[in-house]
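Observations on chain architecture
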Amino acid sequence: MAAIPVATSTEEEANRSVELAVAERGTRNTRATWVTLVAVLIVAELIARFLSAGLADPQWNFSQTDRKVAEMNAIAKGGGVEIVFVGNSAVNSDIISGVITRDTDFEGVYNAALDGSPGVLTNDWTINVVEPLLDPDVVVIGLTSRDLNDGSRSNLRVTDGYLNSPGRALFLGQQTAGQKADRFFGELSALVRIRAFLRDPVSLITQYRDDIAEERLRGVDDFTKEPYFNDDILINRTRERALNDFSVDPTAAPGTQAGAIVDLIERLQSRGAEVVIVEMPYSGMDYIALHTNGQSDYDAYHATLISIADRTGVALIDGTRPEWTTDYFEDFLHLNSAGANTFSTELAQQLEVVLAR
Amino acid sequence: MVFNSLQYALFLPLVFVLYWTVLRKHQNKLLLVASYVFYGSWDWRFLSLIWISTIADYTIARALARSDDDKIRRRLMLGSVGVNLGILGFFKYFNFFADSAADLLNSVGLETSPAFLGIILPVGISFYTFQTLGYTIDVYRRDLEPTDNLLDFAVYVAFFPQLVAGPIERAKRLLPQIEAQRSLPRQDDIFSGIFLILLGLFKKVVIADGIAGSVNEAFARAETAGWVMLLVGVYAFALQIYGDFSGYSNIARGTSRLLGIELMVNFEQPYLSRNITHFWRTWHISLSTWLRDYLYITLGGNRGGVNKTYRNLALTMLLGGLWHGASWNFVIWGGLHGVYLIAHRFMRHKAPKKATDPLVASDILPILATFHLVCLTWIFFRAETFGQAWSYLIGILSFRSGAPDFRAISLLLPLGLMMLAIDLTQRQLRNQTAILTWPPIRKGLAFGVMVVGIIVFSGAAQVPFIYFQF
């Protein structure tokens, strides 16, 4: 064929001869080449060691997870807690452990929620890490509509990052040969140890610097430093990103994420823990508008929660406050400190009731 | 087992040492066992398909050689086509055609649902079926004497460096190398083989996998992202697929060279092509030559006049598209390339330069134009559905507003420049191992950068080789 084709075998042979001739010339200088190669590696290692001095040692692919594991390890030595909260960033921002401690009789309260955690991640995290470390009597699962979305790419990405983290493998004693090799070489070389930072310095420094991470969680724009509701760019970015993130497929009930929540509740119950689920607050119609099909998507999520509660026999606390304006929120989903104080106070009272304390 | 895994880092040295020491007299037996272990590590059940292909084509080719009766020879040939394309068709295209047929019936008012069978696609099936089919066609055409050694033929079919993603080798090139006694590799063979593996790993782990996240993000947001982000996403995919596939081919060639067997060059700086014909002479060369020799020429090639030549070109590229996967997006991808090739052939008035002739300044515009034509087709190749591809394309052409992905740009620029530097160096010297000609310190620096890059990027989540899905 005139249009598609290619070198003949004769040309390939000629090419091969040139390659070999080149290689022969190349081998004459191998000692100098090796010395330079080793010098480059040494320089790279020295730079990595210099940089590593100010960096955390990420094990769980997320700074918050690293921090919470360390905190829970410390708490575990003191005998655990009586009540623990799990869920995503809404649980982190909306539920203040101090308020729960102040307004209830629970001896030991810990908020173990992880930002961005959907059902599957919450299931694994609670069953394999939180419950064994803290041995709680009560587990409160705070849920938002995005937690049950099987089609959300960010849910999958966050879950993959957690499930494949070396920290989880080490914690569960399930390290692969590759992870063991990584750990071995990581102890020898800073270049290996901090390569996650070197691959993606911006996001990792952002994630592992608590002050920046806190600003992000509080909905402050990285560049403008404007609060969320004053920043149209940030709001539009949220809307754009959320388009595929906030919808529950009503035909897939219970889907993978919802199924993971059911499984989590049943396993906690089998271990003797009491479970409560909480439908977390949202900022009125602005939040509903983030769903692909608006109110009907949210209704499907709400119906799924009722179905989960009925099936497992756990209490469902409705934390939504449609009348709350943006004055209570940092962004569409996360309460500000005033909102969190109010919500936590109300939640403490409701927990006392549903747990009949 | 993939090339960029710890298992392969242990597997290859073990095979290499056994191959050249204690099992030197049984090299082909070792190669066969190693190849089956390599392939079986994905799913051992699919080894049975390789055996069926191997036994069928070995037997048919020998029968072809024994027969002078044209009718019998034709039937034997069709038998081989039936076995190979039957396997390929069932495992790769059943769901696609069942779905398309159901859609067609539904569109004329006949309600039906497709009969999906939950078929798993065996890794590399498109590559080894084409390789064995090519062998039998060569024997049928009397271009090749069939081998009477089943072991040699089984190694030819299953040779692990190129089993799952090519190059699709011709029996005329590969089989004699398998049949011959291999002598110990020279130092320069080992050195250049290791260099090819290193280069391939750098292209795959650093360049292709490094940019993969940005590609995923852009295509996931095809319906909403701004045009700058989408455009950067296409460039990023062009870089990803080239780094991924040419990196694989480099590792395959390097591995094979360590075993004393030469595989064909599969890529020759395709993005430096001055026109689309040059692109197809330098991109996935083993497939394009296969399609030329066994499909285009069988259809009549350019022997039946201009219109038939155009028809044959279009058919070849459409089927080439379908070879990649059971999806209309691949058909569109192949169709677009067919249109490009026909248009280029129509406009061509004088004998073009050779694809690998040295570049001059006046080549820059044609190279950029060709690159962008290819990028347009990558949108259909990468998108998961036609709707996604269309949204993506409309997003770019309508200059849809939206924030650029600065992270993608900050990755694309350095990784793209590194790939360009590699290609220009190779192109300048017409050689894949051109860096070996550099002065020692410069060469050491290049090796150092590659090794550091591989160390840094190798800890990320593993991204499968793109062509494994074909």
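Residues numbered from 1 in each chain as written. Chains lettered and ligands numbered in written order. Predicted model: local features only at pLDDT ≥ 70, side-chain atom pairs only at ≥ 80, totals over all residues. Heavy atoms only, no water.

**Observations concerning the overall build of chain B**
When helices and strands are tallied, chain B shows 17 helices and zero strands. Considering chain B as a whole, with its 470 residues, one finds that 60% of them fall into the buried category. Summed over its atoms, the accessible surface of chain B is roughly 19,200 Å², and 67% of this surface lies on carbon and sulfur atoms. (Helix = DSSP H or I, 4+ residues; strand = E, 2+ residues; numbered from the N terminus. Buried < 20%, exposed > 50% of the residue type's maximum accessible area, 1.4 Å probe, protein only. Areas by Shrake-Rupley, 256 points an atom, 1.4 Å probe, with all protein chains shown as cover.)

**A word on the overall build of chain A**
When its secondary structure is counted, chain A shows 18 helices and five strands. In chain A, buried positions account for 51% of the 357 residues. Within chain A, contacts between residues separated by at least 24 positions form 78% of all contacts whose residues are at least 6 apart in sequence. Taken as a whole, chain A presents about 16,000 Å² of accessible surface, with 54% of it coming from carbon and sulfur. (Contact = heavy atoms within 4.5 Å.)

**A few points about the nonpolar core**
One finds B:Tyr271, B:Trp283, B:Trp378 and B:Tyr467 to be the most contacted residues of the largest nonpolar core, which totals 153 residues. When residues of this core are assigned to their parent elements, the largest contribution, 15 residues, is made by helix α9 (residues 227–258) of chain B. In contact with B:Tyr271, not counting residues within four places along its chain, are B:Ala238, B:Ile241, B:Tyr242, B:Phe279, B:Trp283, B:Ile367, B:Phe371, B:Val374 and B:Trp378. Membership of the second largest hydrophobic core comes to 66 residues, among which are A:Ile83, A:Leu134, A:Tyr298 and A:Ile317. (Core = buried A, V, L, I, M, F, W, Y, C linked by side-chain atoms within 4.5 Å.)

**Regarding the pattern of salt bridges**
By the definition in use, this model includes 19 salt bridges over all chains. The partner of A:Arg102 in a salt bridge is A:Asp103, and the shortest N-O contact between them spans 2.8 Å. For A:Arg267, the salt bridge is made with A:Asp263, and the minimal N-O distance between the two is 3.1 Å. Remark: A:Asp263 and A:Arg267 occur in helix α15 (residues 256–270); sequence separation between them is four residues, near one turn of the helix. It is possible to trace a salt-bridge network through shared partners that takes in B:Arg170, B:Arg292 and B:Asp293. (Salt bridge = Lys/Arg side-chain N within 4 Å of Asp/Glu carboxyl O.)

**What about unusual backbone geometry?**
Residue and element names in this part refer to chain B. If you check the backbone angles, Gln269 has positive phi at about 45° while not being a glycine. By the element assignment, Gln269 lies in the loop between α9 and α10 (276–282). Unusually for a residue other than glycine, His284 sits at a positive phi of about 45°. With respect to the helices and strands, the residue His284 is situated in the loop between α10 and α11 (285–299).

**Remarks on the packing of aromatic side chains**
Residues and elements named next belong to chain A. Applying the stated rule across the entire model yields 57 aromatic pairs over all chains. Seen from their ring centres, Phe184 and Phe185 are 5.2 Å apart, and the 75° between their planes marks the pair as edge-to-face. Among the residues examined, Phe184 registers a relative accessible area of 49% and is labelled partly exposed. (Phe/Tyr/Trp six-rings, centres within 6.5 Å; stacked < 30°, edge-to-face > 60°.)

**Observations regarding the sheet that holds strand β1 (residues 83–86) of chain A**
Residues and elements named next belong to chain A. Spatial strand order, β2-β1-β3-β4-β5: five strands in an open sheet with parallel pairing. With partners counted over all chains shown, the strands left at the sheet margins are β2 (109–111) and β5 (315–318), one partner each. Going from strand to strand, the sheet's axes swing by 20° on average, the running direction of each strand aside. Sheet topology places β1 next to β2; three bridges connect them, and they run parallel. Looking at β2, one finds that Val84 is bridged to Tyr110. (Pairing = 2+ DSSP bridges. Axes fitted to C-alpha atoms, helices over the stretch in contact; angles between N-to-C directions.)

**Some remarks on the side chain of A:Asp115**
Residues and elements named next belong to chain A. As for its placement among the helices and strands, Asp115 is situated in the loop between β2 and α6 (119–134). Despite being buried, Asp115 has no salt bridge partner; Lys68 is the closest side chain of opposite charge, sitting 6.3 Å away. Only 2.8 Å separates the side chain of Asp115 from the side chain of Asn92, close enough to count as a polar contact. (Lys, Arg positive; Asp, Glu negative; His and termini not counted. Polar contact = N/O pair within 3.5 Å; in protein donor to acceptor, adjacent residues only side chain to side chain.)

**Comments concerning the packing of helix α8 (residues 187–220) of chain B against α9(B)**
All names here are of chain B. Running from amino to carboxyl end, α8 crosses α9 at an angle of 155°, the nearest separation of the two axes being 6 Å. Relative to α9, the element α8 lies roughly antiparallel. In terms of crossing hand, the pair formed by α8 and α9 is left-handed. For the contact of α8 with α9, the class distribution of residues is 20 nonpolar, 11 polar and eight charged. (Parallel < 35°, antiparallel > 145°, perpendicular 65-115°, else oblique. Left-handed = near helix turned anticlockwise from the far one by under 90°. Nonpolar A, V, L, I, M, F, W, Y, C, P; charged D, E, K, R; others polar.)

**Things to note about the environment of B:Pro122**
All names here are of chain B. Within the element layout of this structure, Pro122 appears in the loop between α4 (70–107) and α5 (125–140). With a relative accessible area of 0%, Pro122 lands in the buried category. Sequence-distant contacts of Pro122, defined by excluding residues within four places in its chain, comprise Tyr39, Phe46, Leu49 and Phe91.

**Some words on the packing of α11(B) against helix α12 (residues 306–324) of chain B**
All names here are of chain B. At a minimum axis distance of 10 Å, the contact between α11 and α12 shows a crossing angle of 135°. Relative to α12, the element α11 lies oblique. Crossing of α11 over α12 shows right-handed handedness. Mapping the contact onto sequence places Leu287, Leu291, Leu295, Tyr296 and Leu299 in α11 and Thr309, Arg311, Asn312, Leu313, Leu315, Thr316, Leu319, Gly320, Trp323 and His324 in α12. Of the residues assigned to the contact of α11 with α12, the class counts are nine nonpolar, five polar and one charged.

**Here we look at a nonpolar patch on the surface**
Residues and elements named next belong to chain A. A grouping of Val43, Ile47, Phe50, Leu51 and Leu198 is seen on the molecular surface, where their side chains present a nonpolar patch of about 470 Å² in accessible area. The biggest single contributor to the nonpolar patch is helix α2 (residues 30–52), with four residues. The topology assignment puts Val43 in helix α2. Val43 gets classed as partly exposed once you look at its relative accessible area, which sits at 45%. (Patch = residues over 30% accessible without salt bridge, like charges linked within 9 Å, V, L, I, M, F, W, Y side chains within 5 Å.)

**As for the environment of B:Ala158**
Residue and element names in this part refer to chain B. Mapping Ala158 onto the fold places it in helix α6 (residues 150–158). In the structure, Ala158 is positioned 125 residues away from Val33 in sequence and 9.6 Å away in space, judged by C-alpha atoms. Each residue touching Ala158, except ones within four places of it in the same chain, is listed here: Ser35, Tyr36, Ile50 and Leu163.

**Quick look at the confidence of the model for chain A**
All names here are of chain A. On average, residues of chain A score 80 in pLDDT, and 75% of them are at 70 or above. Per-residue pLDDT, averaged within each element of chain A, yields its smallest value for helix α13 (residues 210–217) (51) and its largest for β1 (96). Low pLDDT, under 50, characterises residues 216–225; the stretch is placed with 21 contacts to residues that sit more than four places away or in other chains. Below a pLDDT of 50 lies the segment residues 247–253, which in the model reaches 12 contacts outside its immediate sequence neighbourhood of four places, other chains included. (pLDDT = per-residue confidence, 0-100.)

**Some thoughts on the environment of A:Arg193**
Residues and elements named next belong to chain A. By the element assignment, Arg193 lies in helix α10 (residues 190–193). A residue is classified by how much of its surface remains accessible, and Arg193, at 36% relative accessible area, is partly exposed. Only 2.8 Å separates the side chain of Arg193 from the backbone oxygen of Gly186, close enough to count as a polar contact.

**Notes on α6(B)**
Residue and element names in this part refer to chain B. With respect to burial, α6 is a largely interior element, seven of its nine residues being buried. Burial in α6 covers these residues: Asp152, Phe153, Ala154, Val155, Tyr156, Val157 and Ala158. In this structure, the buried side of α6 is in contact with α2 (27–43), α3 (47–66), α5 and α7 (171–179). Of the residues that open α6, the one with a side-chain oxygen 2.9 Å from the backbone nitrogen of Leu151 is Asn149.

**Focus on the pairing of strand β3 (residues 138–143) of chain A**
Regular strands have side chains that alternate between both faces of the sheet. All names here are of chain A. The buried fraction of β3 amounts to six of the six residues, a majority that puts the element mostly inside the structure. Of the two faces of β3, the one lined by Val138, Val140 and Gly142 and the one lined by Val139, Ile141 and Leu143 are each fully buried. Sheet topology note: the β1/β3 ladder contains four bridges and is parallel. Directly across from Val84, in β3, lies its bridge partner Val139. Relative to strand β4 (residues 274–279), β3 runs parallel, the two sharing six bridges. From the neighbouring strand, Val139 faces β4, where its bridge partner is Val275.

**A look at the side chain of B:Gln269**
Residues and elements named next belong to chain B. We classify Gln269 as buried; its relative accessible area is 4%. A distance of 3.4 Å separates a polar atom in the side chain of Gln269 from a polar atom in the side chain of Gln426. Apart from residues no more than four positions distant in its own chain, Gln269 is found in contact with Tyr242, Thr282, Asp423, Gln426 and Arg427.

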